[in-house]
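One-letter residues, chain by chain:
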Amino acid sequence: MSYLTLTGIKKRFPGGTVAVQDFNLSMEQGEFVSFLGPSGCGKTTTLRMIAGFEQPTAGTVVLDGADITDKPPNRRNVGMVFQSYALFPNMTVAANIGFGLKVRRRDKAFIAARTTELLDLIGLPDKADRYPWQMSGGQQQRVALARALAFEPQVLLLDEPLSALDAKIRISLRAEIRAIQRKLGITTVYVTHDQEEALSLSDRIVVMSEGWIEQIGTPFDIYNFPKTPFVARFVGTLNVLNARVVDATAGRLDVGGQEIRATGAVDAPTGSSVSVALRPEILAMGDGGPDDLRLRGTIEEVTFLGAVVRIRVKLPGDAGVASVDTFNNPHLAVPARDSAVTFSFPAEACLVLDVAGRDAVAAAATAI
């Protein structure tokens, strides 16, 4: 039986704006699920409906078998961590962590013991008497997490908790959040627009666009097997090339005067325009193996990105430009600009999008 279930959730704001439409999700106890999407896609609104800060226009929220749709926030056993920390500036770290327990009228000895336990958990055992203004952003967010966990909530909600922090702290803190979540086994919903965060943290990801769910799946499936053009474009870096269908049944395609094939039939009429989507990291310079597909073009640009070298190849005609990512090493032979090159890839790496899909890809790019 599912632990947290959202069924037919819809949210319409005064004035007619629909923020969330037909949202359905079932989570198991202890699962870590991320809501991923661009600004305005409805992910935070959905999180706030779980917390009780927003009421759904339609649908139900069920937690551990109990319908909590109409319960106020203080009657839901849910902890929330906000993007802005939301700590009380006039309270010490210990007082902030114990605040929820104090409101619940737990005795002082229990509050002190629980606070000490949580300070150890978040790695700040010596900061109990500090005030928020005396701490870094990363430390403040750890305190906010401890406060949300203090009363042992059934569900932990995190609303873009790392977006205000610099890159290095974000990476270390997200690893700590995941480790704490696993240790406690707490059911967690995490909102982010950062696809790297969602991919690295989650058991499953809910990709959202304009209030709708585009796809629900594991990070592996979301990245490698996107089910909609929006997901293909939004998650990871993607090459989108113009192509023409030569033989739909056989999956034969023309890309800039060069024929490649998909692994199966193409769902578009012969002679029609489609898009071919390829991940940069699955492309390789050279002819590849006997079963690989190949495309030829000229070097437009070579960019060093540290561990990765990105080679941009201009294809003939209006086929477009493909980025080929390869790991950097001291002996890497980098082709010169304007030189003719061939890159190769397996047929299963070729994702074919129809004309409508190409429009959706463009819309996703605009949203980003």
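In this text, all values refer to a predicted model and were calculated from it rather than measured experimentally. (Residues numbered from 1 in each chain as written. Predicted model: local features only at pLDDT ≥ 70, side-chain atom pairs only at ≥ 80, totals over all residues. Heavy atoms only, no water.)

Chemist: Help me understand the pairing of strand β8 (residues 187–192) in this model?
Modeler: For a regular strand, side-chain orientation follows a simple rule: the groups alternate between the two sheet faces. Most of β8 is tucked away, with six of its six residues classed as buried. Neither face of β8 is left uncovered, since the one carrying Thr-187, Val-189 and Val-191 and the one carrying Thr-188, Tyr-190 and Thr-192 both have all their residues buried. Bridge count between strand β3 (residues 32–36) and β8: five bridges; the pairing is parallel. Paired with Leu-36 across the two strands is Thr-192, which belongs to β8. In this fold, the crossover linking strand β7 (residues 155–159) to β8 by way of helix α5 (residues 167–184) has right-handed handedness. (Buried < 20%, exposed > 50% of the residue type's maximum accessible area, 1.4 Å probe, protein only. Helix = DSSP H or I, 4+ residues; strand = E, 2+ residues; numbered from the N terminus. Pairing = 2+ DSSP bridges. Right-handed = clockwise from strand over helix to strand, strands pointing away.)

Chemist: Help me understand unusual backbone geometry, please; the structure alone is not making it clear to me.
Modeler: Residues apart from glycine generally show negative phi values, whereas peptide bonds are mostly found in trans. Phi is positive for Arg-105, which is not a glycine, with a value near 60 degrees. Secondary-structure assignment places Arg-105 in the loop between α2 (93–103) and α3 (108–121). Not every positive phi belongs to a glycine, and Glu-160 is a case in point at roughly 45 degrees. One can find Glu-160 in the loop between β7 and α5. The exposure class of Glu-160 is buried, given its relative accessible area of 14%.

Chemist: What is the right way to look at the nonpolar core in this model?
Modeler: What tends to happen in soluble globular proteins is that the nonpolar side chains get buried as a cluster. Counting residues in each nonpolar core, the largest one holds 32 residues, and the members touching the most others are Ile-97, Leu-145 and Leu-156. Elements supplying a minimum of two residues to this core: α2, α3, α4 (137–149), β7 and α5. Here the element with the most residues in this core is α4; it accounts for six residues. Beyond its immediate stretch of four places on either side in the chain, Leu-145 contacts Val-81, Leu-156, Leu-158, Ile-177 and Ile-180. Counting residues in hydrophobic clusters, the runner-up holds 30 residues, among them Val-255, Ile-260, Val-276 and Phe-345. (Core = buried A, V, L, I, M, F, W, Y, C linked by side-chain atoms within 4.5 Å. Contact = heavy atoms within 4.5 Å.)

Chemist: So what exactly am I meant to see when it comes to the packing of aromatic side chains here?
Modeler: What characterises a pair of aromatic rings is the spacing of the ring centres plus the angle enclosed by the ring planes. Scanning the model with the defined rule gives eight aromatic pairs in all. Between the aromatic rings of Phe-53 and Phe-82, the centroid separation amounts to 6.3 Å while the plane-to-plane angle is 35 degrees, which identifies the pairing as tilted. Of this pair, Phe-53 sits in the loop between α1 (43–51) and β4 (58–63) while Phe-82 sits in the loop between β6 (78–81) and α2, and the two are 29 residues apart along the sequence. Consider the rings of Phe-88 and Phe-99, whose centres lie 4.7 Å apart with planes at 55 degrees: the pair is tilted. One end of the pair, Phe-88, is in the loop between β6 and α2; the other, Phe-99, is in helix α2, with eleven residues separating them in the sequence. With a relative accessible area of 29%, Phe-88 lands in the partly exposed category. Above the plane of the ring of Phe-151 lies Arg-104, whose end atom (NZ or CZ) is 3.9 Å from the centre. Directly above the aromatic system of Tyr-223 lies the positively charged group of Arg-279, at a separation of 4.2 Å from the ring centroid. (Phe/Tyr/Trp six-rings, centres within 6.5 Å; stacked < 30°, edge-to-face > 60°. Lys NZ or Arg CZ within 6 Å of the ring centre and 35° of its normal.)

Chemist: Teacher, can you tell me more about the sheet that holds β3 here?
Modeler: Within a sheet, adjacent strands bond to each other through the backbone by hydrogen bonds, running parallel or antiparallel. Read across the open sheet, the six strands follow the order β6-β7-β8-β3-β9-β10; overall the sheet is mixed. In this open sheet, the two strands that pair with only one neighbour each are β6 and β10 (212–217). Taken pair by pair, the neighbouring strands of this sheet meet at an average axis angle of 15 degrees, ignoring direction. Bridging between β6 and β7 involves four bridges; their strand directions are parallel. Considered in β7, the bridge of Val-78 is made with Val-155. Here α4 sits on the sheet and contacts β6 and β7; the angle it forms with β6, its principal contact strand, is near 170 degrees. (Axes fitted to C-alpha atoms, helices over the stretch in contact; angles between N-to-C directions.)

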